[in-house]
Structure formats: structure tokens, C-alpha cells
Amino acid sequence: MALLEKSGLSVEVLQSGKGPDLLLLHSLLTEMTVFARVLPALEANFRVTRINLPGFGASAPVVLETVAAHADHVARIMDALALPGTTGVFGNGFGAFVALELAVRHGGRMGRLVAADALASFPEPARAPFRGMAERVRQGGMAAVLETAIGRMFPPEFAAAHPEIIEERKRGLAAVDPQCFARACLALAALDLGDRLGAIRNSALVLCGALDQTTPPALARELAARIAGARYEEIPGSGHCPMLEQPERLVQLLTNC
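Within any chain, residue numbers begin from 1 and follow the written order of that chain's sequence. For a predicted model such as this one, the threshold for reporting local features is a pLDDT of at least 70, and the threshold for listing and counting side-chain atom pairs is 80 or more; totals across whole chains, interfaces and linings nevertheless cover every residue. The basis for every side-chain value is the complete set of non-hydrogen atoms in the structure, without hydrogens or water.

1. Considerations on the overall build of the chain
The secondary structure content of the chain amounts to 11 helices and eight strands. At 17 Å, the chain has a C-alpha radius of gyration in line with the 18 Å of a compact globule built from 257 residues. Projected onto the principal axes, the alpha-carbon positions of the chain cover approximately 40 × 40 × 35 Å. Residue contacts follow a heavy-atom distance rule, with two residues in contact if any of their heavy atoms lie within 4.5 Å. In the chain, of all internal contacts separated by at least 6 residues, the share reaching a separation of at least 24 is 75%. Calculation of accessible area relied on Shrake-Rupley with a 1.4 Å probe; when residues are assessed, cover is drawn exclusively from the protein chains displayed. For the chain, the computed accessible surface area is about 10000 Å², with 54% contributed by carbon and sulfur atoms. Under the scheme used here, helices are H or I runs from DSSP no shorter than 4 residues and strands are E runs no shorter than 2 residues, and both carry numbers assigned from the N terminus. Radius of gyration here uses only the C-alpha atoms, and the compact-globule reference equals 2.2 Å multiplied by the residue count raised to the power 0.38.

2. Observations regarding the nonpolar core
The biggest cluster of nonpolar side chains holds 93 residues, and the ones touching the most others in it are Leu 28, Phe 90, Leu 100 and Phe 181. Considering each element in turn, this core owes the most residues, nine residues, to helix H3 (residues 94–106). By nonpolar core we mean a set of buried residues, namely Ala, Val, Leu, Ile, Met, Phe, Trp, Tyr and Cys, connected to one another through side-chain atoms within 4.5 Å. Three labels apply to residues, based on accessible area from a 1.4 Å probe with only protein chains included: buried if under 20% of the type maximum, exposed if over 50%, partly exposed otherwise in between.

3. Description of the pattern of salt bridges
The salt bridge criterion pairs a side-chain nitrogen of Lys or Arg with a carboxyl oxygen of Asp or Glu, the two atoms within 4 Å. This model, assessed by the stated rule, comprises 15 salt bridges. Between Asp 72 and Arg 105 there is a salt bridge, with its nearest N and O atoms 2.8 Å apart. In this pair, Asp 72 is assigned in helix H2 (residues 67–80) and Arg 105 in helix H3, connecting sequence segments 33 residues apart. The partly exposed category is assigned to Arg 105, whose relative accessible area is 40%. A salt bridge links Glu 234 to Arg 221, with the nearest nitrogen and oxygen atoms 2.9 Å apart. Pair noted here: Glu 234 is in strand S8 (residues 231–235) and Arg 221 is in helix H9 (residues 217–225), with a separation of 13 residues, a long-range link. What makes Arg 221 partly exposed here is its relative accessible area of 41%. Through salt bridges that share partners, Glu 31, Arg 37, Glu 168 and Arg 169 make up one connected network.

4. Quick look at the packing of helix H5 (residues 146–153) against helix H7 (residues 163–174)
Helix-helix packing: each pair is described by the crossing angle between the helix axes and the interaxial distance. Axes, fitted as lines to C-alpha atoms, cover a helix only where it is in contact. Angles between the N-to-C directions of the axes lie from 0 to 180 degrees. Their axes nearest at 10 Å, the elements H5 and H7 cross at an angle of 125 degrees. For the element pair H5 / H7, the angle class is oblique. As H5 packs across H7, the resulting crossing turns out to be right-handed. Every residue of H7 that contacts H5 at Leu 146, Glu 147, Ala 149, Ile 150 and Met 153 is listed here: Ile 166, Arg 169, Lys 170, Leu 173 and Ala 174. A breakdown of the residues in the contact of H5 with H7 according to their chemical character gives seven nonpolar, no polar and three charged. Each angle receives one of four descriptions, namely roughly parallel if under 35 degrees, roughly antiparallel if over 145, roughly perpendicular if within 65 to 115, and oblique otherwise. Take the far helix as your reference; a near helix turned counterclockwise from it by less than a right angle gives a left-handed crossing, and one turned clockwise gives a right-handed crossing. Polar here means any residue outside two lists: the nonpolar Ala, Val, Leu, Ile, Met, Phe, Trp, Tyr, Cys and Pro, and the charged Asp, Glu, Lys and Arg; Gly therefore counts as polar.

5. Focus on the side chain of Lys 170
Within the fold, Lys 170 resides in helix H7. Since its relative accessible area comes to 14%, Lys 170 is described here as buried. Every residue in contact with Lys 170, bar those within four places of it in the chain, is listed here: Leu 146, Glu 147 and Ile 150.

6. With respect to the pairing of strand S6 (residues 113–116)
Residues Leu 113 and Ala 115 of S6 are buried on one face, and the alternating residues Val 114 and Ala 116, pointing to the opposite face, are buried as well. Two strands qualify as a pair provided DSSP detects at least 2 bridges between them. Note: strand S5 (residues 88–92) against S6, four bridges, orientation parallel. If you follow Asn 92 over to S6, its bridge partner there is Ala 116. Look down the strands so they point away from you; if the path from the first strand over the helix to the second goes clockwise, the crossover is right-handed. Handedness of the S5-H3-S6 crossover: right-handed. Where S6 and strand S7 (residues 204–209) come together, four bridges link them in parallel fashion. In the strand pairing of S7, Ala 116 is matched with Leu 207.

7. Some details on the packing of aromatic side chains
Aromatic rings from Phe, Tyr and Trp, taking only the six-membered ring of Trp, are treated as a pair when their centres fall within 6.5 Å; an angle between ring planes under 30 degrees marks them as stacked, one over 60 as edge-to-face, and anything in between as tilted. All chains considered together, the criterion is met by four aromatic pairs. Three or more aromatic residues link up through ring pairs in this structure, and these residues are Phe 97, Phe 122 and Phe 130. In this scheme, the term charge over a ring applies when either NZ of a lysine or CZ of an arginine sits within 6 Å of the ring centre and within 35 degrees of the ring normal. Directly above the aromatic system of Phe 130 lies the positively charged group of Arg 152, at a separation of 5.0 Å from the ring centroid.

8. Comments concerning the state of the cysteines
Here, two cysteine sulfur atoms that lie within 2.5 Å of each other are counted as a disulfide. Applying the stated criterion across every chain, the model contains zero disulfides. The cysteine Cys 185 is free of any disulfide, with Cys 180 supplying the nearest cysteine sulfur at 11 Å. You can call Cys 185 buried: its relative accessible area is 0%.

Geometric descriptors of this kind do not, in isolation, establish any biological role.
Following this line, the structure appears as C-alpha cells:
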């Protein structure tokens, strides 16, 4: 573990590998260890920076009420680490929404954008589960949502075949700061990137697992269509977490895009 203590930040950061810079942003239901299975291959091609968002891992809790505020927080981390303006940014799930806001708000601070399992905004029926998780977490802590949250993350077939991964993810999620998690849930429920996606000028690749039920492929394709010049790739056999479900394919896409 390495803590970045600078400019008022207290952020868990790990850097490894050599080559062009690549920043990895985890999802709402994971933390930086979720990238362990793709890390060796990425390190052969990139200098990889992994961070934990506020309240995840050893990163200090920070009151951030919106996805845009999370993106501003990440931009401050990039500045504190002196990451170059050519740094590629990959985000999955919540991390992908943060990466999209980063491109909208700080596009000149980064290079290519890769957003996996995201959309422009959630349909109203899909917002309610995030509000419900936030309420349950605030009343009963992370234990109150572990089963529901992990159930949203993986297709049933993958969960049944990989119980060790499910338990690993539950342990990581159980340690998240409940208030930070609740704020992130509400931030997703309120998110609407809308026409602001037109402000993105970065080279962009939008990925989506073919089995993803949380951010389904049809809505991910719509997201890609709203970003000028963006390319869309669907990942067969993957749900919401390609780092665990289809790691080799994800590495190919990150390396060759």
C-alpha cells in the first residue's frame, strides 16, 4: 500500500510497469485489487496507476455528492502525481462514469478514454435501486447490501462457477466506508450526462459486457453514439466486470485501441 499525502489528499495509489501512462478507475462494487488479473499484462505495455476512490481501500473518506465532484477529485490526484496530459483513463462501472465526467470537465488533462459498462444516464426505473442501496447502507452499514450488490455485478452462471471470486469481492465491498458508498449511489441515481457528452474531444472507446444487466449493451451503444468519433466494442461472455470475467479480452482491447 502507498498513500498519496499531498495537496490535502489522502489517497491509496499503486504504480507499476513501464510505458505510456494508464490510469485505472474501479467500479462502485470493487476497489483497486479488482485489476489484479489484468495487471501483469498491462504492466508489460503501460505505466499503470491504480487508485482507490474516497472511502474505498485505504483512501480517506471525502464528501463528494456528484459524479462530477468525483471527477474533479481524480483530476487533483492526477495533478498531485504529475501524470502527463497523455495519460489514458480506463474506468469500469462507477469508474467509467467518473472517467466520462473527467473527459467532459478536464479533457485536456488526459489522453484516450475507455469507458466500460456505462451509459449517458439511467432510466428512471433503474435509479430506484441505487437510492434503495444508499438508504439501506445508511441504516445498516455495508452488510445490508452485500448480497444485492454482488448479485447486480455478475451473471448467475459466473457467480456459481467462481465462488472464490464472489467471496473476495464481498470482503472488499464490506470494508468500504458506508457514507461514501451511499453518496456514490445517490450520485449515480442523479447522473445525467446528456448533451455534455458532446464536449468530449478525447479518443474514446466504449465497452460493454454482452451479459451486463446493470448497464445493458443497448444503452452503452447509445452512449458511444453520443461521443464524437467513439468506437463501441461488446465483450462476449462478460457481465459488468470484464477484469474478472474476460480479462484477456479486456487486455487486448486496452492494448490495441
